[in-house]
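Given next are the chains, with one letter for each unit.
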Amino acid sequence: MQITMLGTGSAFAKRYYNNNALIEAGGFRLLLDCGITLPQALHEAGLDFADLDGVLISHIHGDHVGGLEEYAFQMLFKHQRRPVLYIAESLIEPLWEHTLKGGLTQGNLTKLSDFFEVRPLTPGVTAELAPGIQVEPIQTKHIEGKISYSFRFNRRFFYTADMVYDAPLLDKLVQDGVERIFHDCQLEPPGVVHATLDELLQLPEAIQQKVSLMHYGDAMEQHRSRSGPMQFVEQRKTYEV
Ligand SMILES: O=c1ccn([C@@H]2O[C@@H]3COP(=O)(O)O[C@H]3[C@H]2O)c(=O)[nH]1
Ligand SMILES: [Zn+2]
Ligand SMILES: [Zn+2]
């Protein structure tokens, strides 16, 4: 399985696009989150929405779902079909009621399933999205009252949604066979809703070796020299995971 970050930036970054990814295996293309900047980032990667086989959503913040309206409209009006939407059950109602309903509703198109082929996922349960892409949503801590899911792919690759520092979870996942972690990273404290670089530097060395940093701010270059064994994920570079 391969992952290419279409963007690696934080919600407010201007030098990097939103932290959204393209996951590929056996010709299947899965978009992981679809933020405000995704339509432009996808275009610059030489792709069109019609080239995607579906989208997986982590949580409801603009840098993760703000591009879904365009995705739905382009697929409906240009390609006459509904994209596949993989989403944890608990996010279905809030995604429609609190984010998409206002822009998408028209005529007799009044619900999420009018625009997307919704495939609900159950937290803690592994689903096979395509040959070579198994995903388990794991609810992780981000903001009080806001449900957010990170993802374990193929039992060995952990991709964080936005999450606060949670060393016991990372330790448990590594004990359980995770070999590589892509982790969101706030460069300067206080973290509050994201793990900071300083916090991640407190992880045991053996775990840091597995961690790559994403969802970073515009000052990333100034922090390269203090990230220990952890590497910053590069936008548009493809990684085998
Ligand atoms: O209690 C809060 C809620 C939000 N925020 C900011 O808004 C951003 C929303 O997207 P994000 O989750 O990628 O990052 C968040 C933070 O940058 C914050 O600093 N404190
Ligand atoms: Zn975010
Ligand atoms: Zn967030």
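- The protein chain is annotated in an unreviewed UniProt entry as Ribonuclease Z from Paenibacillus pinisoli.

## Observations regarding the site of ligand 1
Phase 1: The full set of residues close to ligand 1 is Ala11, Phe12, His61, Asp63, His142, Ile143, Asp162, Val193, His194 and His215.
Phase 2: One of the side-chain N or O atoms of His142 is found 2.9 Å from an oxygen atom in ligand 1.
Phase 3: Between Asp162 and ligand 1, the recorded distance is 2.9 Å, taken from a side-chain N or O atom to an oxygen atom.
Phase 4: Relative to its unbound accessible area of 420 Å², ligand 1 is 63% covered by the protein chains.
Phase 5: Residues that form the shell around ligand 1 fall into these classes: 4 nonpolar, 4 polar and 2 charged.

## Some details on the pattern of salt bridges
Phase 1: Under the counting rule described, the total for this entry stands at 11 salt bridges.
Phase 2: The partner of Lys111 in a salt bridge is Asp114, with the nearest N and O atoms 3.1 Å apart.
Phase 3: Here Lys111 falls in the partly exposed class, since its relative accessible area comes to 44%.
Phase 4: Take Asp114: its relative accessible area is 17%, and that puts it in the buried class.
Phase 5: Residue Arg119 is joined to Glu117 by a salt bridge in which the shortest nitrogen-to-oxygen separation is 2.4 Å.
Phase 6: Of the residues examined, Arg119 reaches a relative accessible area of 34% and is grouped as partly exposed.
Phase 7: With relative accessibility at 28%, the residue Glu117 sits in the partly exposed group.

## Some remarks on the coordination of the zinc ion (ligand 2)
Phase 1: Those protein atoms acting as donors to the zinc ion (ligand 2) are Asp63 (OD), His64 (NE2), Asp162 (OD) and His215 (NE2), and they sit at 2.0 to 2.3 Å.
Phase 2: Along the chain, the residues that donate to the zinc ion (ligand 2) are spaced as D-H-x97-D-x52-H.
Phase 3: Metal-to-metal, the separation of the zinc ion (ligand 2) and the zinc ion (ligand 3) is 3.7 Å; Asp162 coordinates the two. Within this pair, whereas His64 is found in helix H2 (residues 62-65), its partner His215 is found in the loop between strand S12 (211-214) and strand S13 (231-232), the two being separated by 151 residues in sequence. Each member of the pair, His64 as well as His215, is classed as buried.

## Re the packing of aromatic side chains
Phase 1: This structure, assessed with the given rule, holds 11 aromatic pairs.
Phase 2: Measuring from ring centre to ring centre gives 5.5 Å for Phe73 and Phe77, while their planes differ by 25°; the resulting arrangement is stacked. Of the two residues, Phe73 and Phe77 are both situated in helix H3 (residues 68-79); the distance of 4 residues between them amounts to about one turn of the helix.
Phase 3: Note on Phe77: relative accessible area 49%, which makes it partly exposed.
Phase 4: One aromatic cluster is present, built from ring pairs that chain together Phe151, Phe153, Phe157, Phe182 and Tyr239.

## Side note on the coordination of the zinc ion (ligand 3)
As a benchmark, a tetrahedral metal site with four donors has ideal angles of 109.5 degrees, while an octahedral site with six donors has ideal angles of 90 or 180 degrees.
Phase 1: Protein ligation of the zinc ion (ligand 3) involves His59 (NE2), His61 (ND1), His142 (NE2) and Asp162 (OD), the donor distances falling in the range 2.2 Å.
Phase 2: Sequence positions of the donors to the zinc ion (ligand 3) reduce to the motif H-x1-H-x80-H-x19-D.

## Focus: the UniProt feature "domain: Metallo-beta-lactamase" (unreviewed entry) in the protein chain
Phase 1: If you check UniProt for "domain: Metallo-beta-lactamase" (unreviewed entry), the listed places come out as residues 17-215 in our numbering.
Phase 2: Between the C-alpha atoms that bound residues 17-215 the distance is 9 Å, and the span itself is 30% helix and 26% strand.

Reading guide: rules and limits
Residues numbered from 1 in each chain as written. Chains lettered and ligands numbered in written order. Predicted model: local features only at pLDDT ≥ 70, side-chain atom pairs only at ≥ 80, totals over all residues. Heavy atoms only, no water. Near = heavy atom within 4 Å. Polar contact = N/O pair within 3.5 Å; in protein donor to acceptor, adjacent residues only side chain to side chain. Areas by Shrake-Rupley, 256 points an atom, 1.4 Å probe, with all protein chains shown as cover. Nonpolar A, V, L, I, M, F, W, Y, C, P; charged D, E, K, R; others polar. Salt bridge = Lys/Arg side-chain N within 4 Å of Asp/Glu carboxyl O. Buried < 20%, exposed > 50% of the residue type's maximum accessible area, 1.4 Å probe, protein only. Donors = N, O, S within 2.8 Å, 3.2 Å for Na, K, Ca; no water. Helix = DSSP H or I, 4+ residues; strand = E, 2+ residues; numbered from the N terminus. Phe/Tyr/Trp six-rings, centres within 6.5 Å; stacked < 30°, edge-to-face > 60°. UniProt positions renumbered as here; feature names shortened; annotations may be inferred.

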